[in-house]
Amino acid sequence: MKKFYDRKREMTELWELQHQAYSDYSRFIVLTGRRRVGKTSLVYKLMSETQEEAPGLYFFVGRKTETILVRTFVQEVREKLDEFIPEGMSTFRELFQMMLEIGKRKRFTLFIDEFQEFDNINPGIFSDMQELWDKYKKQTNVCLIVSGSIFRMMEKIFKDEEQPLFGRDDCTIKLKPFSTETIKEILSDHKADYTSEDLLALWTITGGVARYIELLMNNGCTNVKKMIHYVCSSGDSYFVDEGKKILIQEFGKQYGTYFSILDQIAHGDVTQSEIEGALGMKSLGGQMKILEEKYGIIKKKRPIGAKEGSQTVRYEIQDNFFRFWFRYIHRYSPLIELQNMPALENIIANDYTTFSGIALERWFRQKMMESCRYKQIGGWWQTNGVNSRGNNDDFEIDIVTETLEGEVEAYEVKRNPQKYSPARLDEKVTEMKRRIFRGKEVSKACLSMEDM
């Protein structure tokens, strides 16, 4: 997947900030986003396209001693800026100050990747940077870009008022997974005659994360069977380790409870009381709030029209890859430890149709969001229990939207459109209109694989 896809909006923003840094005075940009989403590729693209205007330098903050890191960085400065840097430099402060002195007479972009790792090497670096940046910013023409994939740490460094770099960034850009249209474009480039089933599988497993798509496409995995087989290729497959690596980095030693909560949510839209009951634990509200507000891994779903404080809340995992990972990799880890990957592959293949049905609904919601036609998009449900005739009296509509013009639309999502019942949707919409959207016309339709 060597072609560079999408990112036009983010690239334009970076170009503008870089231009301001070069023509006016230095700018400080923070780039965040989950691991593997394409942050490094984006900045490399920027630096390669503007290298004739000014050089770009890349510092990767690995877990090494400060002295060894600085030695590596010095080499990069000598090569890219063609400047004399004396031997024996051992602190980042010394190097950063020298670079800012150079920035008084030369324009350049400095990209520091995995910036949060400085906290493990020498937390004092953040204070040094703050002091020097405040002193040199208005006298220099440096475009400083820092990126990090551990959300908790990046939030702390730049959003915590007690931290030295709080308020120092000129712009924060959060890079998101690819849009539905871009995923189509990528799959089409690798398989011109792709089917809706192929497209849904790519979305279900990767959630649009650049690196995961790249792995599948580069290995010729352009249909459901091949994708599932690749994921289960071995016990140390990239996809097997990935979820645990990311989340342990985020949660640290407390990951056990969070993993249990996410495991429950991955097996269906559930309420807090159901999660607590399943885990035999009380008062998980604090952890749920952290997962939602601090990490953005889960989100609340309320019926459309419900008030903010409404207790009719279900939780879902926002990230498709984590939904997939918890549903299959985490839950069946004993099979992976036994290296029984064929059994895991079989479980995923047999359950895939059911699991991808929920992903299909998420695909359409995502597509609707990207269209910018709507002021609200959600689902609607009403739980009434069993009626006097012994029938289930619950109502649920998969997607309900209200356009910017105030038109209301209700959709059932079916993998197989033959299972759609217009009469049943009419019944649900009638019940919904008794409670919200009274007196409004509601257009009704079925969305299926053909509409992807």
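Everything numeric in this text was worked out from a predicted model, so none of it was measured.

A.B. asks: Outline the pairing of strand β7 (residues 314-317), listing residues and values.
C.D. replies: Here β7 shows two buried faces, one formed by Arg-314 and Glu-316 and the other by Tyr-315 and Ile-317. Here strand β6 (residues 298-301) pairs with β7 via four bridges, running antiparallel. By the bridge assignment, Lys-300 is partnered in β7 with Tyr-315.

A.B. asks: Kindly report on the packing of helix α10 (residues 210-218) against helix α12 (residues 238-251), identifying the contributing residues and their values.
C.D. replies: Geometrically, a packed helix pair is captured by the angle between its two axes and the distance between the axes. Running from N to C, α10 and α12 cross one another at 170°; their axes reach a closest spacing of 12 Å. With respect to their mutual orientation, α10 and α12 come out roughly antiparallel. On the side of α10, the interface is formed by Arg-211, Tyr-212, Leu-215 and Leu-216, while α12 contributes Tyr-238, Phe-239, Glu-242 and Ile-246. Its residues placed into classes, the contact of α10 with α12 shows six nonpolar, no polar and two charged.

A.B. asks: Account for the layout of surface pockets, naming residues and giving values.
C.D. replies: Where empty space is left becomes clear once a probe the size of a water molecule has been rolled over the atoms. By volume, the second largest pocket amounts to about 520 Å³. Lining of the second largest pocket is provided by 23 residues; of these, Arg-36, Val-37, Gly-38, Lys-39 and Ser-41 occupy positions nearest its centre. Of all the secondary-structure elements, those providing two or more residues to the lining of the second largest pocket are α2 (39-49) and α10. For the lining of the second largest pocket, a count of residues per class yields seven nonpolar, six polar and 10 charged.

A.B. asks: Quick one: what's the story with the state of the cysteines, residue by residue and with numbers?
C.D. replies: This structure, assessed with the given rule, holds zero disulfides. Free of any disulfide, Cys-171 has its nearest cysteine sulfur in Cys-143, 10 Å distant. In this structure Cys-232 is not part of a disulfide, and its nearest cysteine sulfur, from Cys-221, lies 11 Å away. On the accessibility criterion, Cys-232 (3% relative accessible area) is buried.

A.B. asks: So what's going on with the packing of aromatic side chains? Which residues, and what values?
C.D. replies: Evaluation of the coordinates by the stated rule reveals 28 aromatic pairs. On the basis of an interplanar angle of 50° and a centroid distance of 4.9 Å, the ring pair of Phe-92 and Phe-118 is categorised as tilted. With Phe-92 in helix α4 (residues 92-102) and Phe-118 in helix α5 (residues 118-121), this residue pair connects regions lying 26 residues apart in the sequence. Judged by its relative accessible area of 2%, Phe-92 is buried. A ring pair is formed by Tyr-230 and Phe-239, whose centres lie 6.2 Å apart and whose planes are at 85°; its orientation type is edge-to-face.

Rules behind the numbers
Residues numbered from 1 in each chain as written. Predicted model: local features only at pLDDT ≥ 70, side-chain atom pairs only at ≥ 80, totals over all residues. Heavy atoms only, no water. Buried < 20%, exposed > 50% of the residue type's maximum accessible area, 1.4 Å probe, protein only. Helix = DSSP H or I, 4+ residues; strand = E, 2+ residues; numbered from the N terminus. Pairing = 2+ DSSP bridges. Axes fitted to C-alpha atoms, helices over the stretch in contact; angles between N-to-C directions. Parallel < 35°, antiparallel > 145°, perpendicular 65-115°, else oblique. Contact = heavy atoms within 4.5 Å. Nonpolar A, V, L, I, M, F, W, Y, C, P; charged D, E, K, R; others polar. 1 Å grid on protein atoms, 1.4 Å probe; cavity = no way out; pocket = protein on both sides within 12 Å on 5 of 7 lines; lining within 4 Å. Points joined across faces, edges and corners; volume = space filled by probe spheres on them. Disulfide = S-S within 2.5 Å. Phe/Tyr/Trp six-rings, centres within 6.5 Å; stacked < 30°, edge-to-face > 60°.

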